[in-house]
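Chain and residue survey
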Amino acid sequence: MTTLKPAKGLLLIAEPAITGDLSFNRSVVLIADHTENGSVGFILNKQLDFTLKDLLPDISKNFKVYNGGPVEQDNLYFIHKIPDLIPDSIEIASGIYWGGNFEAVKELIKEDLISENEIKFFLGYSGWEFDQLNEELHAHSWIVAENHDHKDILNRKPRTFWKDKMMQLGGNYVIWSNAPENPSYN
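This report concerns the structure included in the present document.

The rules behind each value
- Residues numbered from 1 in each chain as written.
- Predicted model: local features only at pLDDT ≥ 70, side-chain atom pairs only at ≥ 80, totals over all residues.
- Heavy atoms only, no water.
- Core = buried A, V, L, I, M, F, W, Y, C linked by side-chain atoms within 4.5 Å.
- Buried < 20%, exposed > 50% of the residue type's maximum accessible area, 1.4 Å probe, protein only.
- Helix = DSSP H or I, 4+ residues; strand = E, 2+ residues; numbered from the N terminus.
- Contact = heavy atoms within 4.5 Å.
- 1 Å grid on protein atoms, 1.4 Å probe; cavity = no way out; pocket = protein on both sides within 12 Å on 5 of 7 lines; lining within 4 Å.
- Points joined across faces, edges and corners; volume = space filled by probe spheres on them.
- Salt bridge = Lys/Arg side-chain N within 4 Å of Asp/Glu carboxyl O.

**A short note on the nonpolar core**
Ranked by size, the top nonpolar core spans 37 residues in total, and within it Leu12, Phe42, Leu44, Ile79, Trp98 and Trp142 carry the most contacts. The element that contributes the greatest number of residues to this core is strand β2 (residues 28–35), accounting for five residues. Not counting the four nearest positions on each side in its chain, leucine 44 is found in contact with Leu11, Val28, Leu30, Tyr66, Ile79, Lys120, Phe122, Ile153 and Phe161. Grouped together as the second largest cluster of nonpolar side chains are 15 residues, Leu52, Val65, Ile82 and Phe121 included.

In structure tokens:
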């Protein structure tokens, strides 16, 4: 297996050995930014029990909200694939964008001009200070992987996303794909 270095647009897949970490156990993280100063990403497969409508009463749509990570969980973030409709968007990679004008997003939702397969909302983000992510990679907490799902990344099923990635990695990871989330249940 090729060992990739973290980069903007790649995925971090939690190693099966990460247990007991509520945020990152069985997580798939999209790296939204990676520089010499640190890294920022969003957990793609940890859906929360409430919707955008629960957070913003002036929104009438029930867009799902995900746990983006343990940092700044009182802030709302979003990634999308419609930069031509959302001013000030920042390209992550391969047609996936981060942020932009939130007032425009609210108007697009109100006018029914945006759908859940075009945008994903997160409370919080995942962040690593300088060299912290490299230390976690050396400790075998993460696997860096290509984002082959970039066209469909917003529509992956949260419940099976990590398992699907384990299957794609092959080898011993296939065995882990069917293990219970809590090893004591085995």
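**Re the layout of surface pockets**
Empty space within the largest pocket amounts to approximately 490 Å³. In this structure, the largest pocket is lined by 26 residues; those nearest its centre are Thr3, Leu4, Pro6, Leu137 and Val144. In terms of residue count, the dominant contributor to the lining of the largest pocket is helix α3 (residues 132–138) (five residues).

**Concerning the pattern of salt bridges**
Here the structure, examined in full by the defined rule, presents seven salt bridges. Between lysine 110 and aspartate 58 there is a salt bridge; the shortest N-O distance is 3.8 Å. Of this pair, lysine 110 sits in helix α2 (residues 102–110) while aspartate 58 is found in the loop between α1 (52–55) and β5 (64–67), placing the two residues 52 residues apart along the sequence. What makes lysine 110 partly exposed here is its relative accessible area of 44%. For lysine 106, the salt bridge identified is with glutamate 103, shortest N-O distance 3.6 Å. Note that lysine 106 and glutamate 103 are positioned in helix α2 at a spacing of three residues, about one turn of the helix. Salt bridges sharing common partners tie together Asp58, Glu103, Lys106 and Lys110.

Any functional reading would require information beyond the geometric quantities listed.
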